[in-house]
Amino acid sequence: MSVTAVGSFWLPPSPGKLLRPRMVVRSSAVSVTPILTHLQKQCATPLPVLRHVADAMAADMRAGLAVDGGSDLKMILSYVDTLPTGNEKGLFYALDLGGTNFRVLRVQLGGKDERVIATEFEQVTIPQELMIGTSEELFDFIASGLANFAMTEGGKFHLTSGKKREIGFTFSFPVKQTSIRSGILMKWTKGFAVSGTAGRDVVACLNEAMERQGLDMQVSALVNDTVGTLAGARYWDDDVMLAVILGTGTNACYVERTDAIQKLGSQMSSSGRTIISTEWGAFSNGLPLTEFDRDMDAASINPGEQIFEKTISGMYLGEIVRRVLLKMAEEGALFGESISEKLSAPFILRWKWTPDLCAMQQDNSDRLDAVGSILYDVTGVKSDLSARKMLVEVCDTIVKRGGRLAGAGIVGILQKMEEDTKGLIFGKRTVVAMDGGLYENYPQYRRYLKEAVTELLGLEMSKNIVIEHSKDGSGIGAALLAASNSQYQRDF
């Protein structure tokens, strides 16, 4: 049976009647300015909105710590009770799976005197078909990359005789951690929909794949990328209390007192502290959403879930912009009478749009030549100067909302910590370690995030909150946690 495209849906044609795509019918007389004005109004994040988001984040954190399922925030126990001290020695590996790429890394540690002697890493792009394939296919691909990397070991990297290679596994998806070396996958996020993994121990999945590859390694620590980033940054700076990832996806973790975790019951750590992974991508309370957010959510692989992530992370910013541009093209002929197939297809560009948004916002030329060139290369759309200016305004509107909401989320976490410690957060130097491609590579996003933090805390108090980029912190952090949880720890 033949079918006809109507927007992003498919409908069968009526008998004897040929349907024309809805997109063909539009009027160039309709201005796109009202669409932009309405978008800017819906995306606005004045101080009262930011304050509501920060307060709601803190409240949801408390509810999630009280009981499992108490709020949208999972508030997952990491079982990381001891952070690296600097005494660790030896060769350790890390595997970082958290988005469209995975990284393998090795580090040679020399203890207090030499610290990090050497590091090496490789990055491998995950084929899109494996992101929606089977568990065995994905983990075999990862284990193969790890085995190839291990074969190149040499130079400054050497394993102490009689010891087994140990690895820190950074797995940046919601996991119900059962120990420092095991955790059950709750669900996939960030565009992954791999079958056969949910409800299973992801360490067991990796171990089985390594065995199939003949790779003799042992997982000593299972962490997510935010926990790894916190550990990696804390290795160098004792004031680090919070870590945030802003990349393809997003998450935040922080150092929590165990007596504040009601759902922990009698399981207290010897240090009295542990790291909590908030899984803040699932937060949804009071966010300023638009029709484009709701339509994108409905068309996503996880409708109704990860609303905060869909508003602030790199996976989705470009898709929201694409949907705005499509409406402007349909209703206001923004690009003339033709609409390219790429511009019309939901999620066809996925996260690739976001680096392009960043590049377009850096264009300071009179005619915005880079904007026109990128738009044409990515979507096949030809544009005049007015259309390019409109595109930059749309980008800025969506990115400004995302950055400011991320800043409000950070303040919400700090606020909760401040209330519990009575002045030990805002009253002294407190470092927030940031990582992720979106934060690292998008200067406007970074600026909007920091501006929101300053607005919420005030100029004086915000001086104590240091937001630092911890580049590739999650990888080396995982290796450091493998070291601090090593079976050979007594040898350090």
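These notes cover the structure that comes with them. Residue positions within a chain follow its written sequence, with the count starting from 1. Per-residue local features are limited, in this predicted model, to residues with pLDDT of at least 70; the limit for side-chain atom pairs, both in listing and counting, is 80 or more; totals at the level of whole chains, interfaces and linings are taken over all residues. Processing note: side-chain calculations cover all non-hydrogen atoms of the structure and skip hydrogens and water entirely.

The subject of this paragraph is the overall build of the chain. Looking only at helices and strands, one finds 18 helices and 15 strands in the chain. When we talk radius of gyration, it's over C-alpha atoms, and the globule rule is simply 2.2 Å times the number of residues to the 0.38. Computed over the C-alpha atoms, the radius of gyration of the chain is 24 Å, within 12% of the 23 Å expected from 2.2 N^0.38 for a compact globule of 492 residues. Across the 492 residues that make up the chain, the buried fraction comes to 57%. Here, residues are in contact when the closest pair of their heavy atoms is within 4.5 Å. In the chain, the proportion of contacts linking residues at least 24 apart, taken out of those at least 6 apart, comes to 71%. The Shrake-Rupley method, run with a 1.4 Å probe, gives the accessible areas here. Residue values count only the displayed protein chains as cover. Approximately 20,200 Å² of the chain is accessible, and the part contributed by carbon and sulfur atoms is 51%. When charges are counted, Lys and Arg are positive and Asp and Glu negative, with His and the chain ends excluded. Charge positions come from single atoms, namely NZ of Lys, CZ of Arg, CG of Asp or CD of Glu. Mean positive and mean negative side-chain charge positions of the chain (52 and 58 charges, respectively) differ by 2 Å. In DSSP terms, a helix is any run of H or I states spanning at least four residues, a strand is any run of E spanning at least two, and both are numbered starting from the N terminus. Between buried and exposed lies partly exposed: a residue is buried under 20% and exposed over 50% of the maximum accessible area for its type, with that area taken using a 1.4 Å probe on protein chains only.

Tracing the chain through its elements places Asp60 in helix H2 (residues 47-66). Despite being buried, Asp60 has no salt bridge partner; Arg62 is the closest side chain of opposite charge, sitting 10 Å away. Once you skip the residues sitting within four places of it in the chain, Asp60 turns out to touch Ser71, Asp72, Leu73, Phe283 and Asn285. Any Lys or Arg side-chain nitrogen located within 4 Å of an Asp or Glu carboxyl oxygen qualifies as a salt bridge.

A separate point is the pairing of strand E14 (residues 430-435). Most of E14 is tucked away, with six of its six residues classed as buried. Residues Thr430, Val432 and Met434 point to one face of E14 and Val431, Ala433 and Asp435 to the other, with burial holding for every one of them. Two strands pair under a simple rule: DSSP has to find at least two bridges between them. As defined by bridge partners, strand E11 (residues 240-246) adjoins E14 across five bridges and the pair is classed as parallel. From the neighbouring strand, Leu242 faces E14, where its bridge partner is Val432.

For helices, the fitted axis covers only the stretch in contact; all axes are lines through C-alpha atoms, and the angles between them, taken along N-to-C directions, range from 0 to 180 degrees. Contact pair helix H5 (residues 135-150) / helix H6 (residues 202-212): the axes reach a minimum separation of 8 Å and the direction vectors enclose 60°. In this view, H5 runs oblique relative to H6, as classed from their interaxial angle. Judged by the twist between their axes, the crossing of H5 over H6 is right-handed. Within the contact between the two elements, H5 uses Ser135, Glu136, Phe139, Asp140, Ala143 and Leu146 and H6 uses Val202, Cys205, Leu206, Ala209, Met210 and Arg212. Gly falls in the polar group here, along with every residue not listed as nonpolar (Ala, Val, Leu, Ile, Met, Phe, Trp, Tyr, Cys, Pro) or charged (Asp, Glu, Lys, Arg). Tallied by class, residues from the contact of H5 with H6 come to eight nonpolar, one polar and three charged. An angle below 35 degrees is treated as roughly parallel, one above 145 as roughly antiparallel, one from 65 to 115 as roughly perpendicular, and anything else as oblique. Each crossing gets its handedness from the near helix: less than a right angle anticlockwise from the far helix is left-handed, clockwise is right-handed.

Enumeration over the complete set of coordinates arrives at 26 salt bridges. Between Arg447 and Glu451 there is a salt bridge whose closest N-O contact spans 3.5 Å. Linking Arg447 with Glu451, this pair stays in helix H16 (residues 443-457), spanning four residues, or about one helical turn. Connected through shared salt-bridge partners, Arg62, Glu256, Lys416, Glu419 and Asp420 make up one network.

This next bit is on H2. Here, expected helix span is obtained from the residue count minus one, scaled by 1.5 Å. Compared with the 28 Å implied by 1.5 Å per residue over 20 residues, the 29 Å span of H2 between its first and last C-alpha is a close match. Looking at H2, one finds that the buried residues are Leu50, Val53, Ala54, Ala56, Met57, Ala58, Asp60, Met61, Gly64 and Leu65. Along its buried surface, H2 packs onto strand E12 (250-257), strand E13 (273-277), helix H9 (307-312), helix H14 (385-421) and H16.

Interpretation note: all reported values are geometric properties and have no functional meaning in isolation.
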